[in-house]
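# Inside the fold
Listed below, chain by chain, are the residues.
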Amino acid sequence: MLIRRLLLHIFQGIAIKSIINFLLGLLVGISIASQHLFSCKSLAPVGRNITDRPANNSTSKSEESKQIITNATEVKLSLNPENMVEFYEEYYKFYEQNHAWALKSFLGVHFLQNPNDAITIAEILYNQDIDLVIETGTYRGAAALFFASIMYQYRYDAKNNSMRPFKIITMDINPEARKYIDQFTLLAPYILFIPESSVSPAARATVNKTVFEMKPANVFISLDGDHYAEAVYNELLYYQQYVVNISNYMLVQDTRLSRKWHTLYCGQSKYDGPCNGPQEAVNWFMKNDGHGRFEIDRAKEYLFSTHQKGWLKRIFK
C-alpha cells in the first residue's frame, strides 16, 4: 500500500510538471510566431500582402510568377557605389589571377566565357533575331557552337521542317578549332571558320563575300581576339561597317584586362589610357569613329560582366 501511494504521488508530480512545461512551451511558441509574423509584414511592400493568393485555384503559375515579380520590383535596395566599385575590382582580380575564366566548357569544349555574359549574349541573339554573328578569336570553337545552338532554336521552324538561314563567321590564326567544331554535325554547317587573322585580307574578303550573299538584317559582332589596344581598335574600325541596324551590338570582350594590376596589359599605356588593353581601344573608338553612332550600354552588364563598358550599341547610321 505504501509503495502504491508513493508511485501515485510521483506520477501526479510528473503530470503537473508536464502540464506546466507544455504551457510554457506554448507561450514561447506563440511569442516567436508573433515576432516572425510581425517581421514578415514589415518586409512586405506597403499596401500589399505578399501572402495573398487569388481565391480561384485555377490561376496559372505564370500569373503567380508575375505577381511575385511585381512585388519584388517594389522592394528598393540601397547600394554604396564605392563599395560596388571595390567589389568589382577585387572580383576582376580574382577572376583573372586565379584563371577562373578557364574553368567552363560548352558541349565538352573549353569555353572561355563568363556564364553571366553568355546568357546576355543569348538574349541578344534571340531578342534581335540575329542572323549573322561575326566573331574574332575562335580558340577551340565553343563560343561559335554556343551561338549556333541558340540560333538554331529560333531559326528552325519545326512545323514546316524548314530553317531560316543563319551563319556564324569566326576566325583565329590557330586552326585547331576546326576539329572541335566538326564533331557536331548538326551545328558545323552553320559555322564558317577562317584560319586567319581577323584583319588579314583573306579574312576580310571572306567576310565581305558572305555578307554580300546573305544580306543579313541583324548582325552581332564579338571581338575576342588579340586583346592589345591597337589590335582591338583596328577590329572596331573595320567590323563596325557590318553593324548597320539600329540597336545591334559590337561586343568588345575582356575589358577587365585593362586594370592597373594586370602586368601584361598595363606595362605601358595606349590611346591616352593608363593601360594597353581592350578598354583603351573602346574609349578611343568612342571618342572618335564611334562617337554619335554607338553608345556604351551598361544595362547589358547585368550585375556583373567581364566586358564592363564593352557592350557597344548602334544608335545612329
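Quick notes on the rules
- Residue numbers run consecutively from 1 along every chain, following the written order of its sequence.
- Where local features are concerned, this predicted model is filtered to residues with pLDDT of at least 70; where side-chain atom pairs are given and counted, the filter is 80 or more; whole-chain, interface and lining totals use all residues.
- Hydrogens and water molecules were not included; the side-chain quantities draw on all heavy atoms of the structure.
- Pairing of aromatic side chains here covers Phe, Tyr and the six-membered ring of Trp, requires ring centres within 6.5 Å, and sorts the geometry by plane angle: under 30 degrees stacked, over 60 edge-to-face, intermediate tilted.
- Secondary structure elements follow DSSP: runs of H or I of four or more residues count as helices, runs of E of two or more count as strands, with numbering from the N terminus.
- Accessibility here uses a 1.4 Å probe with only protein chains present; expressed as a share of the type maximum, an area under 20% marks a residue as buried, one over 50% as exposed, and anything in between as partly exposed.
- By this definition, two strands are paired if DSSP reports at least two bridges between them.
- For every residue, the pLDDT score states the predictor's confidence, bounded by 0 at the bottom and 100 at the top.
- Residue contacts are counted whenever heavy atoms from the two residues lie within 4.5 Å of one another.
- Axis definition: a line fitted to C-alpha atoms, limited for helices to the stretch in contact. Angles are taken between N-to-C directions and run from 0 to 180 degrees.
- With respect to orientation, any angle under 35 degrees is reported as roughly parallel, any angle over 145 as roughly antiparallel, any angle of 65 to 115 as roughly perpendicular, and every other angle as oblique.
- Each crossing is labelled by how the near helix is turned from the far one, with a counterclockwise turn of less than a right angle marking it left-handed and a clockwise turn marking it right-handed.
- Following the grouping adopted for this structure description, the nonpolar residues are Ala, Val, Leu, Ile, Met, Phe, Trp, Tyr, Cys and Pro, the charged ones are Asp, Glu, Lys and Arg, and the polar ones are all others, Gly among them.
- Grid points spaced at 1 Å over the protein atoms alone were grouped into cavities, where a 1.4 Å probe fits but cannot get out, and pockets, open sets with protein on both sides within 12 Å along at least five of seven lines, with lining residues defined by an atom within 4 Å of a point.
- Grid points are joined across faces, edges and corners, and a volume is the space filled by probe spheres set on the points.
- Only buried Ala, Val, Leu, Ile, Met, Phe, Trp, Tyr and Cys residues count toward a nonpolar core, and they belong to the same one when joined by side-chain atoms within 4.5 Å.
- The definition used for a disulfide is geometric: two cysteine sulfur atoms within 2.5 Å.

## Considerations on the packing of aromatic side chains
In total, this model carries 16 aromatic pairs according to the counting rule given. Taken together, a centroid distance of 6.0 Å and an interplanar angle of 75° make the contact between Y152 and Y190 edge-to-face. You can see Y152 sitting in helix α5 (residues 142–155) and its partner Y190 sitting in the loop between α6 (177–181) and β7 (191–194), a full 38 residues away along the chain. In this pair, the class of Y152 matches that of Y190, namely buried. Measuring from ring centre to ring centre gives 4.8 Å for Y228 and Y265, while their planes differ by 45°; the resulting arrangement is tilted. Taken together, the residues span a long stretch of sequence, with Y228 in the loop between β8 (219–223) and α8 (229–239) and Y265 in the loop between β9 (249–252) and α9 (278–287) at a distance of 37 residues.

## Side note on the pairing of β9
Side chains Y249 and L251 of β9 all project onto a buried face; the interleaved residues M250 and V252 project onto the opposite face, where all are buried too. The sheet contact formed by β8 and β9 spans 3 bridges and is parallel. Pairing of L223 across the sheet is with V252, part of β9.

## Side note on the pairing of strand β3 (residues 132–136)
Counting buried positions along β3 gives 5 out of 5 residues, so the element sits mostly inside the fold. Burial along β3 is two-sided: L132, I134 and T136 facing one way and V133 and E135 facing the other are all buried. Across 5 bridges, β3 lies against strand β6 (residues 167–171) in parallel orientation. Bridge assignment links L132 to a residue of β6, and that residue is K167. When β3 meets β8, the two strands line up parallel, connected through 5 bridges. Pairing of I134 across the sheet is with I221, part of β8.

## Re the confidence of the model for the protein
The predicted coordinates of low-pLDDT regions are not to be read in fine detail. In this model, the protein carries an average pLDDT of 81, and 74% of its residues clear a pLDDT of 70 or more. A low-confidence stretch, residues 6–11 stays under pLDDT 50, and its non-local contacts, those more than four residues away or across chains, total 0 contacts. Segment residues 13–62 is flagged for pLDDT under 50; beyond a separation of four residues in sequence, or across chains, it makes 12 contacts in the model.

## Comments concerning the packing of α8 against α9
Following both chains from N to C, one finds α8 and α9 inclined at 40°, their axes separated by 7 Å at the closest point. As far as their axial angle goes, α9 and α8 are oblique. For the crossing formed where α8 meets α9, the hand is right-handed. Judged by residue contacts, A229, V232, Y233, L236 and L237 of α8 engage P278, E280, A281, V282, W284 and F285 from α9. Of the residues belonging to the contact of α8 with α9, the class tally is 10 nonpolar, no polar and 1 charged.

## Observations concerning the layout of surface pockets
Empty space within the largest pocket amounts to approximately 770 Å³. As for the largest pocket, its lining consists of 38 residues, of which G137, D224, G225, D226 and H227 are closest to the centre. Sort the elements by how many residues they give to the lining of the largest pocket and α8 lands first, with 3 residues. Here the lining of the largest pocket is built from residues that sort into 14 nonpolar, 15 polar and 9 charged.

## So, the nonpolar core
Of all hydrophobic cores here, the largest spans 34 residues; its most connected members are L125, V133, F147, M151, I168 and F220. Those elements that place two or more of their residues in this core are α4 (115–127), α5, α6, β7 and β9. Broken down by element, the residue count for this core peaks at 10 residues, all from α5. Non-local contacts of M151, meaning those with residues more than four positions away in its chain, are made with L125, I130, D131, L132, V133, F166, K167 and I168. Among the nonpolar cores identified, the runner-up in size contains 28 residues, and L132, Y238, A281 and L312 belong to it.

## Points about the state of the cysteines
Taken as a whole, this structure holds 1 disulfide when the rule is applied. Disulfide pairing is shown between C266 and C275; the S-S distance is 1.8 Å. The sign of the 90° torsion about the S-S bond sets the C266-C275 disulfide as right-handed. In this structure C275 comes out as buried when scored by relative accessible area, which is 2%.

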